[in-house]
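What the coordinates show
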2 protein chains.
Amino acid sequence: MTRTIFIYGLVLAVAVFMLKMLEYKFFYRQLSVEIYIGIIGVLFTILGIWVGNKITRKKKVFIAPPVGEFKVNERILGEIGISKREYEVLELMAKGLSNQEIADKLFVSLNTVKTHTANLFLKLEVKRRTQAIQRAKELRLLQ
Amino acid sequence: MTRTIFIYGLVLAVAVFMLKMLEYKFFYRQLSVEIYIGIIGVLFTILGIWVGNKITRKKKVFIAPPVGEFKVNERILGEIGISKREYEVLELMAKGLSNQEIADKLFVSLNTVKTHTANLFLKLEVKRRTQAIQRAKELRLLQ
DNA sequence: TAATCCTTCACCCGAAAGGATGATTTGATG
DNA sequence: CATCAAATCATCCTTTCGGGTGAAGGATTA
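As the structure is a computational prediction, the values presented were derived from the model and not from experiment. (Residues numbered from 1 in each chain as written. Chains lettered and ligands numbered in written order. Predicted model: local features only at pLDDT ≥ 70, side-chain atom pairs only at ≥ 80, totals over all residues. Heavy atoms only, no water.)

Description of unusual backbone geometry
All names here are of chain A. Positive phi is not limited to glycine here, since Glu125 has a value of about 55°. Along the chain, Glu125 falls in the loop between helix H6 (110-124) and helix H7 (129-138). The residue Arg140 is not glycine, and still its phi comes out positive at about 60°. Considering the arrangement of structural elements, one finds Arg140 in the segment after H7. (Helix = DSSP H or I, 4+ residues; strand = E, 2+ residues; numbered from the N terminus.)

Focus on the protein's contact with DNA strand D
Near DNA strand D, the surroundings consist of 18 residues, among which Ser83, Ser109, Asn111 and Thr112 of chain A together with Arg129 of chain B are the closest. When the atoms of DNA strand D within 4 Å of the protein are grouped by moiety, sugar and phosphate amount to 70% of the total. One nitrogen or oxygen atom from the side chain of His116 of chain A is found 3.1 Å from a phosphate oxygen belonging to DNA strand D. Here a phosphate oxygen of DNA strand D and a backbone polar atom of Asn99 of chain B are 3.0 Å apart. Mapped by element, the contributors of at least two residues to the surface near DNA strand D are helix H4 (84-94) and H6 of chain A together with helix H6 (110-124) of chain B. If one sorts the elements of the surface near DNA strand D by residue count, H6 of chain A sits on top with four residues. Looking at the surface near DNA strand D, its residues break down into two nonpolar, nine polar and seven charged. (Near = heavy atom within 4 Å. Polar contact = N/O pair within 3.5 Å; in protein donor to acceptor, adjacent residues only side chain to side chain. Nonpolar A, V, L, I, M, F, W, Y, C, P; charged D, E, K, R; others polar.)

A short note on the pattern of salt bridges
Residue and element names in this part refer to chain A. This structure, assessed with the given rule, holds ten salt bridges over all chains. Glu138 is the salt-bridge partner of Arg135, the closest N and O atoms lying 2.8 Å from each other. Linking Arg135 with Glu138, this pair stays in helix H7, spanning three residues, or about one helical turn. (Salt bridge = Lys/Arg side-chain N within 4 Å of Asp/Glu carboxyl O.)

Details of the nonpolar core
Core analysis: the largest hydrophobic core is formed by 28 residues, its most contacted members being Ile82, Leu90, Ile102, Leu124, Leu139 and Leu141 of chain B. Tallying contributions element by element places helix H4 (residues 84-94) of chain B first for this core, with six residues. If sequence neighbours within four positions are ignored, Ile102 of chain B has contacts with Val89, Leu92, Met93, Leu97 and Val113 of chain B. Counting residues in each nonpolar core, the second largest holds 24 residues, with Val89, Leu92, Met93 and Leu106 of chain A among its members. (Core = buried A, V, L, I, M, F, W, Y, C linked by side-chain atoms within 4.5 Å. Buried < 20%, exposed > 50% of the residue type's maximum accessible area, 1.4 Å probe, protein only. Contact = heavy atoms within 4.5 Å.)

Quick notes on the protein's contact with DNA strand C
Not every one of the 17 residues close to DNA strand C is listed here, only the nearest: Asn99 and Lys114 of chain A together with Ser83, Ser109 and Thr112 of chain B. Within 4 Å of the protein, the atoms of DNA strand C are drawn from sugar and phosphate moieties in a proportion of 65%. Separating a base oxygen of DNA strand C from a side-chain N or O atom of Lys114 of chain A is a distance of 2.8 Å. A distance of 2.9 Å separates a phosphate oxygen of DNA strand C from a polar atom in the backbone of Arg129 of chain A. Element by element, the count of residues in the surface near DNA strand C is highest for H6 of chain B, at four residues.

Thoughts on H4 of chain B
Residues separated by three or four positions in an α-helix point in the same direction, a consequence of the helix having 3.6 residues per turn. Taken residue by residue, H4 of chain B has Glu86, Tyr87, Val89, Leu90, Leu92, Met93 and Ala94 of chain B as its buried positions. On the buried face of H4 of chain B, the contacting elements are H7 of chain A together with helix H3 (74-80), helix H5 (99-106), H6 and helix H7 (129-138) of chain B. One or two residues past the end of H4 of chain B sits Gly96 of chain B, with phi positive at roughly 95°.

Describing the packing of H4 of chain A against H6 of chain A
All names here are of chain A. Direction vectors running N to C along H4 and H6 enclose 90°, while the axes themselves pass 9 Å from each other. Of the possible angle classes, the one that applies to H4 and H6 is roughly perpendicular. Residue-level inspection shows Arg85, Glu86, Val89, Leu90 and Met93 of H4 in contact with H6, the latter providing Val113, His116, Thr117, Asn119, Leu120, Phe121, Lys123 and Leu124. A per-class count over the contact of H4 with H6 returns seven nonpolar, three polar and three charged. (Axes fitted to C-alpha atoms, helices over the stretch in contact; angles between N-to-C directions. Parallel < 35°, antiparallel > 145°, perpendicular 65-115°, else oblique.)

Describing the side chain of Thr130 of chain B
One can find Thr130 of chain B in helix H7. Residue classification places Thr130 of chain B among the buried residues on the basis of a relative accessible area of 4%. Sequence-distant contacts of Thr130 of chain B, that is, excluding residues within four places in its chain, are made with Gly96, Arg129, Thr130 and Ile133 of chain A.

Everything listed here is a matter of coordinates, which is why it stays silent on function.
Okay, structure coming up:
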């Protein structure tokens, strides 16, 4: 990235230099203003395309289809003793939300969410949220 | 594509028009040549970036629904540009391992793992590891 | 040969996550 | 009514994550 900017600057400098040369010819050989502008335009357009391709890498948006039906295993849910609220947190956690985002979505404080997650980790017997999500899917608590 | 070219032409025409106006000011208000060139340069650079983005445009790619057993979608893997090592990290990440644990398992430093994860987040266009795992499963890069 | 990619590692810094613990309120239930 | 679980929030502290940047060596390729 820094390199790209550097190269861009360099090319720009060279371009300006070349334009100065051109300017010289322009004044002494009666090159028309239009041609002058045209050359500058083409030059910078090419430069722009190049830079644009460098910084915004071409990308494709992949869209995956949703999969099949699913039924929550209520039995295990009760057996482990996961409360309604905790389950809500679990769901949002599995969607990849941060604790703060979950807190905002449920209209509670960050601390509350942290309490819920801590309880979930205890009940699911895991140490991290990634493991919790995994475990929950294994137990068919989540799709 | 034809449309893009057409729009490009249109914008070009507008640009030339604006430049003519500028030229007018240039001659009558003694705008310096450097500023004139600068404006033209910036204008056409922006134009170039825009055109570049239009040409190499992100397109939607729909992923085939899952049939039978799981098979890693090598095509997407290559298209997104995830390297072997990065994929290994992705797998371990999905198993719920921490960066440190991944580092130990792959016999590399924690910093290396963090570099890989950072690259993965870029390529998968996500912000967190939980999202990365999700996305990877959507794209059928992981089971 | 030069450019590019991959892999490796480092340092800094701020944000997020997690552990431990305690406290309050509310609703259900024996 | 007393009690218990659930839900809420807090504080303190440590660990983990993630962003940004730079750099070096090896492999591949134009």
